[in-house]
Amino acid sequence: MYHHEGEDVFVIDGHLHLWDASEENIKHQGGEEFIQCFYDYHATFTPEDRLWDMDEYRKYGADRMVEDLFGNGAVDMGILQPTHLHEFYKNGFNTVDDDAELVEQYPERFITNGRWDPRDGEAGLKELERQKEEYDVQGAKVYTAEWKGDSKGWRLDSPEAFEFLEKCAELGITNIHPHKGPTIRPLNRDAFDVGDVDDAASSFPNLNFIVEHVGLPRLDDFCWIGTQEPNVYGGLAVAAPFAQNRPEKFSEIMSELLWWLGEDKLLFGSDYALWNPDWLVETVMEAELTEEHKMEYGVEWSHEVKKKVMGENAAELYDIDIEAKKREFADDAIAQRFGLGDHYSGAAAD
Ligand SMILES: [Zn+2]
């Protein structure tokens, strides 16, 4: 938990990866370009004294991840977002099964989402059923710019995608997380365009669409869609680290989002290991909107708003009882490993 203004803030990191971009795992030049581009994003926004070197960045493993999130960072729970990229990586970049292993180890701390791709057809629908059956996934990450054979992407508003959305509704996989925003070399920017979320969200009012990266750089498009669709949310991965070295831009992004979508529709995410919660949580918690933006938008990045964005909104979507979790975390494996027991029991007594 992050201690802020005399109170503990329960942090759910809504966007995490456990990836493998080691040289042995790369099978296509795109895999090398992809991780190099990720590293550029990492270096662009990370404080200089917190930069990783490329080798540790390629493959960091579950143990380091757990230590970064819970030991060094103030994260309490995390949601894993798989990104398969089987065209680029022999065993995939970050698969549902990789994530599930971590959940199995720390079921009280991690949630994994599933993943689907409409170009997988019948086999993909079967695979989605398997993910539900084996891991009881409540959500799915979708990656519309992923390559498959000759195809360089797909649309969320296509009949094929609608079949998968129907399947999600049927299986109770209610939280759909499309990556909509920044492009990553060699993928195509246009295949990440946020426009196709509109029809999907209107057509499936019982599903929630948590648009990861809030459509950046098309923030305006995202806001104009999000404000109309009650089931569209914004995931702050990529927007969050602007708070570190582009504070005015962060203020602008947050002001737009709070003005259009409001404080109940935004979810914090680090996109670990792109950025590390061990500095990012504090940076975002301590960030402020500029006086100009406060005047212009009339919105606040206040303690109450932060509590929602940093944890309560994700808890709502994923049925997490924060108070019950705090009691549980006073004595779970993570609390024991990092000596956090007092921290949680103290908070529970408040
Ligand atoms: Zn991500």
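### Structural notes on the overall build of the protein
Then, number 1: Of regular secondary structure, the protein possesses 16 helices and 11 strands.
Then, number 2: A globule of 350 residues ought to have a C-alpha radius of gyration of about 20 Å, and the protein, at 19 Å, matches this closely.
Then, number 3: Counting only C-alpha atoms and orienting by the principal axes, one finds that the protein spans roughly 55 × 45 × 40 Å.
Then, number 4: A fraction of 75% describes how many contacts in the protein between residues 6 or more apart in sequence connect residues 24 or more apart.

### Here we look at the sheet that holds strand 7 (residues 139-142)
Pairing between the strands of a sheet comes from backbone hydrogen bonds, and it takes one of two forms, parallel or antiparallel.
Then, number 1: The strand order across the open sheet formed by six strands is 6-7-8-9-10-11, and the pairing between neighbours is parallel. Both outer strands of the open sheet, strand 6 (114-115) and strand 11 (266-267), are each paired with one neighbouring strand and no more.
Then, number 2: Here two bridges tie strand 10 (residues 232-235) to strand 11, and the two strands are oriented parallel to one another. In the sheet register, Gly235 faces strand 11, and the bridge partner there is Leu267.

### Points about the domain arrangement of the protein
Then, number 1: Domain annotation of the protein identifies domain 1 (2-112 + 236-343) and domain 2 (118-213).
Then, number 2: Measuring from the centre of the C-alpha atoms in domain 1 to the corresponding centre in domain 2 gives 21 Å.
Then, number 3: The partner domain 2 presents 20 residues to the 21 residues of domain 1 that form the contact.
Then, number 4: Listing elements by their share of the side of domain 1 that touches domain 2, those giving two or more residues are helix 1 (29-45), helix 4 (96-105) and strand 5 (110-112).
Then, number 5: Looking at which element gives the most residues to the side of domain 1 that touches domain 2, the answer is helix 1, with five residues.
Then, number 6: Across the side of domain 1 that touches domain 2, the residue classes tally to 14 nonpolar, five polar and two charged.

### Some remarks on the environment of Ile184
Then, number 1: Mapped onto the elements of the fold, Ile184 is located in the loop between strand 8 (175-178) and helix 7 (197-203).
Then, number 2: Note on Ile184: 22 C-beta atoms within 10 Å, which makes it buried.
Then, number 3: Sequence separation between Ile184 and Lys306 is 122 residues; the distance between their C-alpha atoms is 29 Å.

### As for the nonpolar core
Then, number 1: In terms of nonpolar packing, the biggest core is built from 92 residues, with Val11, Val197, Phe209, Val211 and Leu257 touching the most fellow members.
Then, number 2: Looking at this core, the element that brings in the most residues is helix 10 (residues 247-260), giving six residues.
Then, number 3: Dropping the residues within four chain positions of it, Val211 is found in contact with Pro178, Lys180, Val194, Val197, Phe222, Val232, Tyr233, Gly234 and Gly235.

How each quantity is defined
Residues numbered from 1 in each chain as written. Predicted model: local features only at pLDDT ≥ 70, side-chain atom pairs only at ≥ 80, totals over all residues. Helix = DSSP H or I, 4+ residues; strand = E, 2+ residues; numbered from the N terminus. Rg over C-alpha atoms; globule rule 2.2 N^0.38 Å. Contact = placed C-beta atoms within 7 Å. Pairing = 2+ DSSP bridges. Domains from an automatic or database assignment. Nonpolar A, V, L, I, M, F, W, Y, C, P; charged D, E, K, R; others polar. Buried ≥ 20, exposed ≤ 12 C-beta atoms within 10 Å, placed from the backbone. Core = buried A, V, L, I, M, F, W, Y, C linked by C-beta atoms within 7 Å.

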